[in-house]
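Spelled out from the first residue to the last, the chains are:
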Amino acid sequence: QVQLVESGGGLVQAGGSLRLSCAASGRTFAGYFMGWFRQAPTKERTLVASITWTGGITYIADSVKGRFTISRDNTKNMVYLQMNSLKPEDTAIYYCAARQPFKTQYDYWGQGTQVTVSS
């Protein structure tokens, strides 16, 4: 079992930046792919970015390309989402998730952190 806890959300003005953090604990974190998802009110949860165990970027959503960066520090069991040039449409609950590399579905999820971007 992997436990994930997100932090770093909040209220920011358009054009501002936030850095989300995801702390993993529990069974070994080794080998897991990590992803950041988001869900806006009345919308489905969508993948924003994902990263392999070795730091390879497997996916960045077109809507955030050039503005968001995913990274991880395996020595600290941490995953990050640096969000720059934020827009009101980035407002959502952001979730951290983990999956094993040979799976397509994410098995473990955090509780989410709210990001609100004001115009």
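Just above, that's the structure.
Because the structure is predicted, anything quoted here is derived from the model rather than measured. (Residues numbered from 1 in each chain as written. Predicted model: local features only at pLDDT ≥ 70, side-chain atom pairs only at ≥ 80, totals over all residues. Heavy atoms only, no water.)

1. Section: the nonpolar core
Leu4, Met34, Trp36, Leu81, Met83 and Tyr94 are the most contacted members of the largest nonpolar core, which has 31 residues in total. For this core, the secondary structure elements donating two or more residues are strand 1 (2-7), strand 3 (18-26), strand 4 (33-39), strand 5 (46-51), strand 7 (68-73), strand 8 (78-83), strand 9 (92-99) and strand 11 (113-118). (Core = buried A, V, L, I, M, F, W, Y, C linked by side-chain atoms within 4.5 Å. Buried < 20%, exposed > 50% of the residue type's maximum accessible area, 1.4 Å probe, protein only. Helix = DSSP H or I, 4+ residues; strand = E, 2+ residues; numbered from the N terminus.)

2. Remarks on the packing of aromatic side chains
When we look at a pair of aromatic rings, we describe it by the centre distance and by the angle of the planes. By the definition in use, this model includes 4 aromatic pairs. Ring geometry for Phe37 against Tyr106: centres 5.0 Å apart, planes inclined by 85 degrees, an arrangement best described as edge-to-face. Of this pair, Phe37 sits in strand 4 while Tyr106 sits in the loop between strand 9 and strand 10 (108-109), placing them 69 residues apart in sequence. Each member of the pair, Phe37 as well as Tyr106, carries the same accessibility label: buried. Between the NZ or CZ atom of Arg45 and the centre of the ring of Trp109, over which it lies, the distance is 3.9 Å. Stacked on the ring of Tyr106, the Lys or Arg Arg99 has its end atom at 5.5 Å from the ring centre. (Phe/Tyr/Trp six-rings, centres within 6.5 Å; stacked < 30°, edge-to-face > 60°. Lys NZ or Arg CZ within 6 Å of the ring centre and 35° of its normal.)

3. Section: the pattern of salt bridges
Across all of its chains, the model carries 4 salt bridges by this definition. Asp107 is paired through a salt bridge with Lys103; the nearest N and O atoms lie 3.4 Å apart. Taking the relative accessible area as the measure of exposure, Asp107 reaches 34% and is therefore partly exposed. Assessed through its relative accessible area of 34%, Lys103 is described here as partly exposed. Among the ionic contacts, a cluster of salt bridges with common partners joins Arg38, Arg67 and Asp90. (Salt bridge = Lys/Arg side-chain N within 4 Å of Asp/Glu carboxyl O.)

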